[in-house]
Each structure stands twice: as structure tokens, then as C-alpha cells.
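Fold and geometry: a report
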Amino acid sequence: MLKSSIYPLANPKGVKMECEICQKTAHIMCTQCRVTFYCDVTHQAADWNGIHEKICQLLIPVRMPLPFFSSKKEREHSKEQLVQRQKYLIDLTRTVAQKLLFEGRHEEAIPGALQSMRFASAVYGSLSAELVPSQLLLAEASIGLGRLQEAEEYLSQAQWTMMKATGCINAIQYKLYRNLGLLYTAKCEYDKALWYFADDVTDIWKNFLAELVETEIQKSLWKAGFSSPEPGTSLVDVEDVFDASQKAEAVKILHVIFDMRNQELLVKNGKIGNIAHTLAMLYYLFQDFSKAVKYGELALEDNKMFVHNKKEIATIQRLLTTAKKALSYPGGKGPSPYDWANSC
Ligand SMILES: [Zn+2]
Ligand SMILES: [Zn+2]
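This is a predicted model, so every value here is computed, not measured.

What to know about the overall build of the chain
- The helix and strand inventory of the chain stands at 14 helices and three strands.
- Counting all 344 residues of the chain, 31% fall into the buried class.

Brief notes about the confidence of the model for the chain
- Looking at the chain, pLDDT values average 79 and 76% of them are 70 or higher.
- The spread of mean pLDDT over the elements of the chain runs between helix H14 (residues 337–342), the lowest at 41, and helix H1 (residues 41–55), the highest at 96.
- Within the model, pLDDT remains below 50 along residues 1–10, and this stretch shows 14 contacts once partners closer than five positions in the same chain are excluded.
- Long-range and interchain partners of residues 189–193, a stretch whose pLDDT sits below 50, account for five contacts in this model, where long-range means more than four residues apart.

Some words on H1
- For H1, which comprises 15 residues, the first-to-last C-alpha distance of 18 Å sits more than 12% below the rise-based estimate of 21 Å (1.5 Å per residue).
- The largest bend in H1 comes to about 70°, at Trp48.
- When H1 is considered as a whole, its buried residues turn out to be Gln44, Asp47, Trp48, Gly50, Ile51, His52 and Ile55.

Quick look at the packing of helix H11 (residues 272–285) against helix H13 (residues 310–327)
- With their axes 11 Å apart at the nearest point, H11 and H13 run at an angle of 30° to one another. In terms of orientation, H11 and H13 fall into the roughly parallel class. Seen along the crossing, H11 lies across H13 with a hand that is left-handed. Contact residues: His277, Ala280, Met281 and Tyr284 in H11; Ile316, Leu319 and Ala323 in H13.

Quick notes on the nonpolar core
- Counting 31 residues, the largest nonpolar core has Leu254, Ala276, Leu279, Ala280, Tyr284 and Tyr295 as the members making the most contacts within it.
- Of all elements in the fold, only helix H8 (193–223), helix H10 (244–263), H11, helix H12 (289–307) and H13 reach the threshold of two or more residues within this core.
- In terms of residues, this core owes the most to one element, H11, which gives nine residues.
- When residues no more than four places from it in sequence are discounted, the contact partners of Tyr295 are Ala276, Leu279, Ala280 and Tyr283.
- Counting 27 residues, the second largest nonpolar core, distinct from the first, contains Phe119, Leu131, Ala139 and Ala158.

Some thoughts on helix H3 (residues 72–102)
- Compared with the 45 Å implied by 1.5 Å per residue over 31 residues, the 45 Å span of H3 between its first and last C-alpha is a close match.
- Within H3 the residues assigned to the buried category are Leu89, Ile90, Thr93, Arg94, Val96, Ala97 and Leu100.
- In this structure, the buried residues of H3 make contact with H1, helix H2 (59–63), helix H4 (106–124) and helix H5 (132–144).
- A positive backbone phi angle near 75° is found at Gly104, which sits one or two residues after H3.

Structural notes on the packing of H1 against H3
- Contact geometry of H1 with H3 gives a least axis separation of 10 Å together with a crossing angle of 145°. As for how H1 packs across H3, the hand of that crossing is right-handed. Contact with H1, carried on its side by Ile51, Lys54 and Ile55, involves Leu89, Leu92, Thr93 and Val96 of H3 and no other residues of that element.
- Taken together, the residues that form the contact of H1 with H3 break down as five nonpolar, one polar and one charged.

Details of unusual backbone geometry
- In this structure, Arg34 is a non-glycine residue whose phi angle is positive, near 60°.
- Along the polypeptide, Arg34 turns up in the loop between strand S2 (28–30) and strand S3 (37–38).
- The class for Arg34 is partly exposed, based on 18 C-beta atoms found within 10 Å.
- Backbone geometry at Gln287 places phi at a positive 60°, although glycine is not the residue there.
- Note that Gln287 resides in the loop between H11 and H12.

A short note on the environment of Glu312
- Tracing the backbone through its elements, the reader meets Glu312 in helix H13.
- Since 18 C-beta atoms lie within 10 Å of it, Glu312 is described here as partly exposed.
- For the pair formed by Glu312 and Gly273, sequence separation is 39 residues and the distance between their alpha carbons is 10.0 Å.
- If sequence neighbours within four positions are ignored, Glu312 has contacts with Asn303 and Val307.

Details of the environment of Leu212
- Along the chain, Leu212 turns up in helix H8.
- Expressed as a C-alpha distance, the spacing of Leu212 and Leu282, which sit 70 residues apart in the sequence, is 9.4 Å.

How each quantity is defined
- Residues numbered from 1 in each chain as written.
- Chains lettered and ligands numbered in written order.
- Predicted model: local features only at pLDDT ≥ 70, side-chain atom pairs only at ≥ 80, totals over all residues.
- Helix = DSSP H or I, 4+ residues; strand = E, 2+ residues; numbered from the N terminus.
- Buried ≥ 20, exposed ≤ 12 C-beta atoms within 10 Å, placed from the backbone.
- pLDDT = per-residue confidence, 0-100.
- Contact = placed C-beta atoms within 7 Å.
- Expected span 1.5 Å × (residues − 1).
- Bend = angle between axes of the 7 residues up to and from the residue.
- Axes fitted to C-alpha atoms, helices over the stretch in contact; angles between N-to-C directions.
- Parallel < 35°, antiparallel > 145°, perpendicular 65-115°, else oblique.
- Left-handed = near helix turned anticlockwise from the far one by under 90°.
- Core = buried A, V, L, I, M, F, W, Y, C linked by C-beta atoms within 7 Å.
- Nonpolar A, V, L, I, M, F, W, Y, C, P; charged D, E, K, R; others polar.

Have a look at this one:
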């Protein structure tokens, strides 16, 4: 049961006095934990129904200022304990938000998702890739509520976080990037939001695939003995990024956009090239070289006729050359990645 109290707030030391939901100045407090504040009863009710009921008591040890410790050891132990509690709360709040999303209760999912993002930010820092799952939950909830602009903001935050996250690009980052593209599309695929998002979805996929294609082309050059890898080069395998169902999903998403663009007679010119290039890269990675050539040629034609982007034209031409060469191998399957692995 929700118990609220409306009386002037005493300010407990070290406890922030802003609304849990909107960060505006707080006027009321949750009387059960006494460490959570709200601007008004509407926001208190929203938080209670979304997440607070489940974490009210758990917030007390996390939000109360740390007691004074005489020894360094005690201090460190208590800090470690705080981090463990915060990590537990990240998991719990994310699970609750995810469950509510599954049930289509988008509005109620927001407080839990927000909470998980704050704890992730407290534990890992505001630029960490650990924030991305929360940002995706918030984006998904916003899409469900038809707040597309907010959704877009969360998604670009997630993209930004990914770009800024320390460490080199690895398979996990690729997967997150891929999920971002999937989420964008999966939520929009069957309604008019796709029209709004199609260019962004294409760009996300295009950038993501371009890096993978670059790696594959480098590999084939090394294999042919034209160049050798830079020391310390890390390689991502296509197989690590896509499993069979993810492959099918990727093909489906990009073809939905392609078909849409293909029907749009007025904006087809100069637009179809982008999605065709993306499909060409996808098929190249999946070693379906004849389709890679088909879409690559369409992309090249659109670019030469309407866009005139020299760099883009050169990239497509290189992809076409490599795909055509692969087609000329027996069976049209190109050199096997296993041959490459064995040669080094
Ligand atoms: Zn508020
Ligand atoms: Zn409470």
C-alpha cells in the first residue's frame, strides 16, 4: 500500500531533496524509507507502482550517508558492500522494468528503467557501456508510449555511450550495436514509425556492417599475400556476431526497409542506394556473393546517378570487385574462412 506524507520536509543530512521521477524540487517524502522524495503525489504513485514498492527498504542502506569509520579497512569494506548493493539493485530494477515491458505496461516500466540507469551510472560512471541496457529499456518504453522523440534521444545516448566506451571495439560491443539496430526496427517494423526511423536504422546497420566488411576484406588480402596484419590487430568473426536466427532477422529488417524505399517512387532516387549498399554488405558477410553483387550494382548506379559521393562510390566498387572475385572461386563461395585460419 502506498503511504505518502505531505508535510514540510526536514532535510536529512546527505540526502538529496529532488523528485525521484522528474528531478524537480521535492515536497513530499516516502515515509517508509525516508530517503526518497517527490515533487507531488502523482510522481510518488507512478514510482511506487513502477518500482519503489519493490526497492523501498533496499534503498535505505544505499542512500544513508556512510557512518564514520576509524580504520581504512572498515571504510573499504563498507564501500565494497555499497557497490554490491547497488549492483544488485541494477539487476533487480532492470528485471522489473523488462517484465513490465513484456506485459506492455510501458508507463510503469519507466521508473525501474530510470532507477537502473542511475545505479549503473553511480557504479560504472556516466559514460560506461553498462548504461546501454537501461537506455534501451527507456527507449523501448518510450516507443511503446508513442514518444518517438524521447525514444530517439535515448537511442542516440546509447549510441554515444557505445562510441565513448573505453576499450577497443569487440564482439560484445558489436552485439550491443546490433541490438540497438534491432530494437529500433523491431518496435517500428509494423507501423508507421518505420517511416520515421528507416534512415536511422539503415545508417546504424550500414556503419555496423561496414566495419565487419572491412575486416573481411583485410582478411582476404592477407590470405592472398597482398598485405599483412598490423601487430595487435583484433579480429571479429562474422560467426561470433550473428547466429542463424540473427542472420534471418537482419535480412528481414533490411528487406522491409528496401521494399519500402522501392515503393516510394518520389524519394527512391538517391535513397535506395543507401539501403542497397547495406544489403550488399550483409550478403557479402553471409557469403551470398551473387546477391552482394546484385545489390552492390544497384547501390553503385543510384550513387553515380543521384548522389555523386566519390568515397561511397569507391567503397561500393571495392566491395563489388571483391564479391565478383569470390564468385569466381569454385562453387562461388569464395575462400573459406577456415583456410584463412589455418594459414596463420
Ligand atoms: Zn516529479
Ligand atoms: Zn520508500
